[in-house]
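Chains, contacts and geometry: an overview
Spelled out from the first residue to the last, the chains are:
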Amino acid sequence: MVRRPVAWVVAVVLLAEAVFIAALNWFLGIVVDRQDMSLAGLDPSTMATSSKIGGVVFGLYFALCALVAVLVAIRDRAPAGFGRVVLISAAVVHGLLGAFAWGLVGWTAFLFMVVVLGLIVLLLMTYDRDGGVRPGASGGGAGAGGEPAAAAEPGSAPAPGAAAVPAPRTAPGEPRDGDGDPQDSVPAQLVIRPVPTTP
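For the structure given in this document, a descriptive report is provided here. Given the structure is predicted, the values throughout are model-derived calculations rather than measurements.

Summed over the entire model, instances satisfying the criterion amount to three aromatic pairs. Ring centres of Trp102 and Phe110 lie 4.9 Å apart, and the angle between their planes is 80 degrees; on these two criteria the pair is classed as edge-to-face. Under the relative-accessibility criterion, Phe110 is labelled partly exposed at 29%. One aromatic cluster is present, built from ring pairs that chain together Phe58, Tyr61 and Phe62.

See the structure below:
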């Protein structure tokens, strides 16, 4: 099965990404605080604290996505409900990050984001949410598997649970209503002739 390895790979990649993003933002917060940097007149301590909080929040978010992927791999079932929404949001976030990374960082960061996006989409697509089509569920026939029920032989008892078929009103060989009326072999056709326009 290809599904479980894909789920494990997605879980490992998302967990590594969570640790990397949290550590990077924490490091940037420390640098801003020690260098006493300021952007557009903002307080350096506020910028450092915001960077650290953002790193922790994004790290926990990607760790939650990794946890969902681990649960999918363990249960070998498609994510449903909240877990599915989390993975879809992670795919959207990686698409947006890839678009920004192309202009700010370079094509290598863009390529990494696209690979992670592809893995998440592959995880969502390889699992069938309904567990496949159940045999006999498709079709609308009376028989099992959507096949029409076979006609019962004369004199045989009907199968249990089968619908009773009414007997014909006329005996075999007797004329039915409308049999004696003349019937046309070819239906009548309406012939329209063109009207002359000149006098």
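It is at 8 Å that the axes of helix α1 (residues 3-35) and helix α2 (residues 44-75) come closest, and there the two elements cross at 170 degrees. Our classification of the angle between α1 and α2 gives roughly antiparallel. Across the contact of α1 with α2, the residue classes tally to 27 nonpolar, five polar and four charged.

The residue Glu17 is located in helix α1 in this model. Look at Glu17: it is buried, it has no salt bridge, and the nearest opposite charge is Arg84 at 19 Å. Here His94 takes part through its side chain, which lies 2.7 Å from a polar atom of the side chain of Glu17. Dropping the residues within four chain positions of it, Glu17 is found in contact with Phe62, His94, Phe112, Met113 and Val116.

Turning our attention to the pattern of salt bridges. Opposite charge on two side chains permits them to pair, given that their charged atoms come into close proximity. Here the structure, examined in full by the defined rule, presents one salt bridge. For Asp76, the salt bridge goes to Arg4, with nearest N and O atoms at 3.9 Å. In this pair, Asp76 sits in the loop between α2 and α3 (82-104) while Arg4 sits in helix α1, placing the two residues 72 residues apart along the sequence. The exposure class assigned to Asp76 is partly exposed, which follows from its relative accessible area of 24%.

So, how was this worked out
Residues numbered from 1 in each chain as written. Predicted model: local features only at pLDDT ≥ 70, side-chain atom pairs only at ≥ 80, totals over all residues. Heavy atoms only, no water. Phe/Tyr/Trp six-rings, centres within 6.5 Å; stacked < 30°, edge-to-face > 60°. Buried < 20%, exposed > 50% of the residue type's maximum accessible area, 1.4 Å probe, protein only. Axes fitted to C-alpha atoms, helices over the stretch in contact; angles between N-to-C directions. Helix = DSSP H or I, 4+ residues; strand = E, 2+ residues; numbered from the N terminus. Parallel < 35°, antiparallel > 145°, perpendicular 65-115°, else oblique. Nonpolar A, V, L, I, M, F, W, Y, C, P; charged D, E, K, R; others polar. Lys, Arg positive; Asp, Glu negative; His and termini not counted. Salt bridge = Lys/Arg side-chain N within 4 Å of Asp/Glu carboxyl O. Polar contact = N/O pair within 3.5 Å; in protein donor to acceptor, adjacent residues only side chain to side chain. Contact = heavy atoms within 4.5 Å.

These values are about where atoms sit, not about what they do.
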